[in-house]
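Examining the three-dimensional arrangement
This is what each chain is made of:
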Amino acid sequence: MRIVMLGAPGSGKGTQAQKIMAERGIPQISTGDLLRAAVSSGSELGRRAKAAMDAGELVSDDIVLGIIRERLSSPDAANGFILDGYPRNGAQAEALDRVLEDIGQSLDAAVLMQVDFDILVKRVTGRRSCSKTGKLLNIHFSPQSEIDACLEAGGELLQRADDNEDTVATRLEVYRSQTEPLIEFYRARGLLRTVDAVGDVDEVYRRVLEAVGEA
Ligand code: AMP
């Protein structure tokens, strides 16, 4: 399975990609996670990315392309991958085509996670991750049992620096102006699969698998 997850911030790309990884053993490749790791490590790359991330803007194409090229060439991605958060504009989508051609691979599908804009803000501002397991949770929507399980295991609910209301507005606007055109890009290539991404996580997961012919 070689897929791209498309969708606005808060549409559930990361949640579903994590689930596919856990259940099918296919790596989730999240440029957001890789960039956050670079920022925390204090590397030169992280320093270059940080200002754009804090503002909710896109990090430069050359930085993310370098990351994605290296990650896609690593052995665990040889049998499939789920790209989460890349590509985010036309130049990145074209660069991805070239990288995949270089390593002799091609995409099976681009899965568009469809969620109304008014739900997205609540999803993003309520988003937390468990410090113990990395599991994504939401203080508005996750079952209390999942939140308790994290806390009882000694975990904390961490909030991303850019998951605040001010930055979310910019991130949604960046999505609309720069990333949404990719819907047509992948539709024209016959790769687009649209999923209703509102509902129970397991139900959305079932829809995703069905959309990519893996149900
Ligand atoms: P995410 O975790 O996917 O929401 O990404 C968080 C932030 O990382 C974004 O708001 C961008 O600043 C940056 N980022 C992640 N992926 C990309 C990308 N493909 N291109 C440019 N910036 C990115």
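Keep in mind the model is a prediction, meaning the values are calculated, not measured.

**A closer look at the environment of Ser 30**
- Along the chain, Ser 30 falls in strand 2 (residues 28-30).
- Ignoring anything within four residues of it in the chain, the contact list for Ser 30 reads Arg 36 and Asp 84.

**With respect to the sheet that holds strand 7 (residues 157-158)**
- Taking strand neighbours across the sheet as the criterion, the three strands line up as 6-5-7 in an open arrangement whose pairing is antiparallel. What marks the edges here is a single partner per strand, and that holds for strand 6 (136-138) and strand 7.
- Inspection of the sheet shows strand 5 (residues 127-130) paired to strand 7 by two bridges, in the antiparallel sense. Bridge assignment links Cys 130 to a residue of strand 7, and that residue is Leu 157.
- Across the sheet, helix 6 (residues 117-125) is in contact with strand 5 and strand 6; its angle to strand 5 comes to roughly 35 degrees.

**Section: helix 8 (residues 165-179)**
- Here helix 8 is 15 residues long and its end C-alpha atoms lie 20 Å apart, about the 21 Å a rise of 1.5 Å per residue gives.
- Looking at the buried residues of helix 8, the elements they touch are helix 3 (44-55), strand 4 (109-114), helix 6, strand 5 and helix 9 (182-188).

**Quick look at the site of the ligand**
- In the vicinity of the ligand lie 16 residues, with Thr 31, Glu 57, Gly 85, Arg 88 and Gln 92 positioned nearest.
- At 2.8 Å from a nitrogen atom of the ligand is found a side-chain nitrogen or oxygen belonging to Thr 31.
- Separating an oxygen atom of the ligand from a backbone N or O atom of Glu 57 is a distance of 2.6 Å.
- Burial of the ligand by the protein chains amounts to 96% of its free accessible area of 480 Å².
- Broken down by element, the residue count for the shell around the ligand peaks at four residues, all from helix 2 (residues 31-41).

**With respect to the packing of aromatic side chains**
- Counted according to the given criterion, the structure contains one aromatic pair.
- An angle of 80 degrees between the planes, with centres 4.9 Å apart, marks the rings of Phe 185 and Tyr 186 as edge-to-face. Summarising the burial analysis for this pair, Phe 185 and Tyr 186 share the class buried.
- Of note, Lys 19 hangs over the ring of Tyr 205, and the distance from its end group to the ring centre comes to 5.1 Å.
- The ring of Phe 185 carries the charged tip of Arg 189 above its face, separated from the ring centre by 3.7 Å.

**Looking at the sheet that holds strand 1 (residues 2-6)**
- The strand order across the open sheet built from five strands is 2-3-1-4-8, with neighbouring strands paired in parallel fashion. In the strand order of this sheet, the two ends are held by strand 2 and strand 8 (192-196), each with one partner. Each adjacent strand pair in this sheet contributes to an overall mean axis angle of 25 degrees, direction not counted.
- The pairing of strand 1 with strand 4 spans four bridges and is parallel. Paired with Val 4 across the bridge in strand 4 is Ala 110.

About the thresholds
Residues numbered from 1 in each chain as written. Predicted model: local features only at pLDDT ≥ 70, side-chain atom pairs only at ≥ 80, totals over all residues. Heavy atoms only, no water. Helix = DSSP H or I, 4+ residues; strand = E, 2+ residues; numbered from the N terminus. Contact = heavy atoms within 4.5 Å. Pairing = 2+ DSSP bridges. Axes fitted to C-alpha atoms, helices over the stretch in contact; angles between N-to-C directions. Expected span 1.5 Å × (residues − 1). Near = heavy atom within 4 Å. Polar contact = N/O pair within 3.5 Å; in protein donor to acceptor, adjacent residues only side chain to side chain. Areas by Shrake-Rupley, 256 points an atom, 1.4 Å probe, with all protein chains shown as cover. Phe/Tyr/Trp six-rings, centres within 6.5 Å; stacked < 30°, edge-to-face > 60°. Buried < 20%, exposed > 50% of the residue type's maximum accessible area, 1.4 Å probe, protein only. Lys NZ or Arg CZ within 6 Å of the ring centre and 35° of its normal.

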